[in-house]
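Descriptive analysis of the structure
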Amino acid sequence: MQYAKLRSEAKYSLAASGIMSYPLAELPVTLEKLEINGPTLYGYVPLLERLAKLSGVTPDCVVTAQGTSLANHLAFAATLEPGEEALVEWPTYELLTTTLQYLGAKVRFFDRGLERGFRVDPEEVERKTTPQTRLIVLTNLHNPSGALIDDATLRAVGEIARKNNARVLVDEVYLESMFELRPRPAIHLGDHFVVTSSLTKAYGLSGVRCGWILAAPELAQRMRLIHDLYGVNAAFPADLISVVALDNLDRVIGRAKKLLAANRPVLDEFLRSRDDLACVQPEFGTVAFPKLKSGSVDDLDTLLREKYETGIVPGKYFGEDQHFRIGIGGDPEMTRIGFERLGKALDEMRAL
Ligand SMILES: Cc1ncc(COP(=O)(O)O)c(C=O)c1O
C-alpha cells in the first residue's frame, strides 16, 4: 500500500488497478443537495436501499463501510476470533493477509497461480483446508490477474466451507467492472458467503469511500456494531454523493466502458506480441499479471521509471517476484504510450 500511495506515480501509469477518477462536475451534484450532518447511524437508509437494489438483496443484508478496505476489515473481525485460521488465495492482494494477521488470525494459502491459469481449483482448496479453517478468502475478479471465478467453482468452495463450519469471503470490488455481464454477488449462493465491494475500481469513485458488505442479517448486524469501534458514523456528504452516483450509474458505467473498449485491445495486442512474457489474457476487468520469463522485474521497474517515465506494479507486492501488474483503466492515449514504452523497456532488457 505504501508503494501504491507513495511510489506508483508516473507520467505514463499502468500501475493503477481501477478506472480513472470520475469528475464530480459530471454528476448532478449541487450545493443544495449537500449537507454536512445527517442520519447516517447504522447506514444512511437511501444509500442502503440503492446498494441493496444493485446487489439484489434486502437492506438488512447490507453494511456500509469506508471502501472495500474497511468492509474487509469488518467482515474479517466479525467472522474470525484471534488464533482461528483463514485460508487465502495466492497470489494475493497484500492488505487481505496483513489485515487478517493484524486481527490475530492464522493465515494459510492455497495456490491459484499462473500454472493453474489463475483458476481456483476446489480440490486444492480442500487439500489446504484444516479443521481450524473458519474463513476462505477469494477475490473475484482476481487481483492481480483479473481472472473470473465461475459460480460452479464458488459453489464447490462454498460446500467445502460449509462442511467445515466455515465461511467464504469474496472480495468483489473488481467484479463490478463486468457491468451488465456481472454475475449476481456470491451472497446469493448461501448464507455462508460474505461479499465485500465498493464504488472504487469499476466506477472511478474511490474518493467517496462507498464500500459495502453483503452478509446474512445477523452477521451484518454484528459488523455494524464492530463498525462503532472504528468509525461510528460515515461522512454524510460522501454518502449523499454516493447516492447521486448510484442514481446516475448508467452514465458512470458508460464512461468506464468507453475507456476499457479503447484500452483492452491495446493490452491484448501487447500481450500477443511478447514472447518474453507469459500471461493469461483476462477477458474482463482492469488488470493483467504477466510473468517476465527471464530477467529481474525490479530492474524492469527501475528502467521504466528512470528512462521511460512509466509505472507498473512489481509482482513482489503480490508475492510473485517474476510477475508485474498492469492496469487498463487510464486515459487511452496515456495507456497506449505506456504500453509502447513498456515494450521498448522489455526490448532493451532482452538486448542486455
Ligand atoms: C482486492 C482489493 N480489495 C480492496 C481494495 C481496496 O478498495 P477500496 O478503495 O474500495 O477500499 C483493493 C484496492 O486495490 C483491492 O485490490
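Shown above is the structure to which this text applies.
The numbers attached to residues start from 1 for each chain and follow its sequence in the written order. Two thresholds apply to this predicted model, a pLDDT of at least 70 for residue-level local features and 80 or more for giving and counting side-chain atom pairs, whereas whole-chain, interface and lining totals are computed over all residues. Excluded from the side-chain calculation are hydrogens and water; included are all heavy atoms of the structure.

Lining the immediate surroundings of the ligand are 13 residues, of which Thr68, Ser69, Asn143, Asp171 and Ser198 lie closest. Any pair of nitrogen or oxygen atoms within 3.5 Å is treated as a polar contact; in protein, a donor-acceptor pairing is required on top of that, and neighbouring residues in sequence qualify only through side-chain atoms on both sides. One of the side-chain nitrogen or oxygen atoms of asparagine 143 is found 2.6 Å away from an oxygen atom of the ligand. In the model, an oxygen atom of the ligand is placed 2.9 Å from a nitrogen or oxygen of the threonine 200 side chain. For the ligand, the accessible surface in isolation is 400 Å², of which the surrounding protein chains cover 93%. Listed by contribution, the elements that provide at least two residues to the shell around the ligand are α3 (67-79) and α7 (200-203). Sort the elements by how many residues they give to the shell around the ligand and α3 lands first, with 3 residues. Only Asp, Glu, Lys and Arg are considered charged, only Ala, Val, Leu, Ile, Met, Phe, Trp, Tyr, Cys and Pro nonpolar, and every remaining residue, Gly among them, polar. Within the shell around the ligand, the residues separate by chemical class into 3 nonpolar, 7 polar and 3 charged. Working definition: residue near molecule or strand if any one of its non-hydrogen atoms lies within 4 Å of it. Throughout, the Shrake-Rupley method with a 1.4 Å probe supplies accessible areas, and for residues the shown protein chains are the sole cover considered. Secondary structure follows DSSP: runs of H or I at least 4 residues long count as helices, runs of E at least 2 residues long count as strands, and numbering of each begins at the N terminus.

A few words now on the nonpolar core. Nonpolar cores are built from buried Ala, Val, Leu, Ile, Met, Phe, Trp, Tyr and Cys residues. Side-chain atoms within 4.5 Å join them into one set. Buried, partly exposed and exposed residues are distinguished by accessible area as a fraction of the type maximum, computed with a 1.4 Å probe on protein chains only: under 20%, between the cut-offs, and over 50%, respectively. Formed by 74 residues in total, the largest nonpolar core has its most connected members in Leu138, Tyr203, Leu300, Ile326 and Leu342. Ranked by the residues each element gives to this core, the list is headed by helix α10 (residues 249-273), at 9 residues. Residues contacting leucine 342, with those up to four places away along its chain left out, are Leu14, Phe270, Leu300, Leu304, Ile312, Phe324 and Ile326. Core analysis: the next-biggest nonpolar cluster, separate from the first, contains 26 residues, Val63, Leu74, Ala77 and Leu169 among them. The contact rule is simple, with two residues in contact once any of their heavy atoms fall within 4.5 Å.

Take the pattern of salt bridges next. For this analysis, a salt bridge means a side-chain nitrogen from Lys or Arg found within 4 Å of a carboxyl oxygen belonging to Asp or Glu. Overall, the coordinates contain 24 salt bridges when judged by the stated rule. In this structure, glutamate 89 and arginine 112 form a salt bridge, with 2.7 Å as the shortest nitrogen-oxygen distance. Of the two residues, glutamate 89 is situated in strand β3 (residues 85-90) and arginine 112 in the loop between β4 (106-111) and α5 (122-128); the sequence distance between them amounts to 23 residues. An identical accessibility class is assigned to glutamate 89 and arginine 112; each is buried. Taking the shortest distance from any N to any O, the salt bridge between arginine 336 and glutamate 333 comes out at 2.7 Å. On the criterion of helical spacing, the pair formed by arginine 336 and glutamate 333 is a turn pair, its members being 3 residues apart in helix α12 (residues 332-351).

Let's shift gears to the side chain of histidine 73. Secondary-structure assignment places histidine 73 in helix α3. Assessed through its relative accessible area of 14%, histidine 73 is described here as buried. Setting aside its immediate chain neighbours within four residues, histidine 73 contacts Thr99, Tyr102, Leu103 and Tyr230.

Turning to the sheet that holds strand β6 (residues 167-171), a few remarks are in order. Paired strands, in this sense, are two strands between which DSSP finds at least two bridges. Read across the sheet, 7 strands follow the order β2-β8-β7-β6-β5-β3-β4 without closing on themselves; strand pairing throughout is mixed. Of all the strands in the sheet, the pair left with one neighbour each is β2 (62-66) and β4. Mean inter-strand twist for the sheet, computed between neighbouring axes without regard to direction, equals 25°. One ladder, built from 5 bridges, connects strand β5 (residues 133-139) with β6; its direction is parallel. For threonine 139, the partnering residue across the bridge sits in β6 and is aspartate 171. Axis definition: a line fit to C-alpha positions, over the contact stretch in the case of helices; interaxial angles, taken between N-to-C directions, run 0 to 180 degrees.

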